[in-house]
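Chain and residue survey
The lines below spell out each chain.
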Amino acid sequence: MLLLKRVDCFVMHKHQNRIAEPKIPDDIAKAWAKWFEEVDRLEVMTNQPKSEYQQLLLNKYRQQGLEL
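In this report, the structure presented in the accompanying data block is examined. (Residues numbered from 1 in each chain as written. Predicted model: local features only at pLDDT ≥ 70, side-chain atom pairs only at ≥ 80, totals over all residues. Heavy atoms only, no water.)

A word on the overall build of the chain. Counting its regular elements, the chain contains three helices and zero strands. Counting helices and strands in the order they occur from the N terminus, the chain gives α-α-α. Relative to its 68 residues, the chain shows a buried fraction of 1%. (Helix = DSSP H or I, 4+ residues; strand = E, 2+ residues; numbered from the N terminus. Buried < 20%, exposed > 50% of the residue type's maximum accessible area, 1.4 Å probe, protein only.)

Next comes the structure, spelled out in structure tokens:
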């Protein structure tokens, strides 16, 4: 009985280690790294209206308590 309990604890310990330390494949890690690099190079856009229509539309939303 004691041996079974120890084996059970050992198996649980090994299983927990596999869950806690996932191995990310290199191709996925490289893809995410590339994505983050590309996002860092994106142009930051302002939310300033480009036309009178956009300004009127923004004013309408703001009057309703909304913020874009």
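In this structure the tally under the stated criterion is three aromatic pairs. Ring geometry for Trp32 against Trp35: centres 5.6 Å apart, planes inclined by 75°, an arrangement best described as edge-to-face. Within this pair, Trp32 and its partner Trp35 are both found in helix H2 (residues 26-40), separated by three residues, close to a single helical turn. Residue classification places Trp35 among the partly exposed positions, given a relative accessible area of 44%. With a centroid separation of 5.0 Å and 80° between ring planes, the pair formed by Trp35 and Phe36 is classed as edge-to-face. Cluster of aromatic residues (ring-pair linked, three or more members): Trp32, Trp35 and Phe36. (Phe/Tyr/Trp six-rings, centres within 6.5 Å; stacked < 30°, edge-to-face > 60°.)

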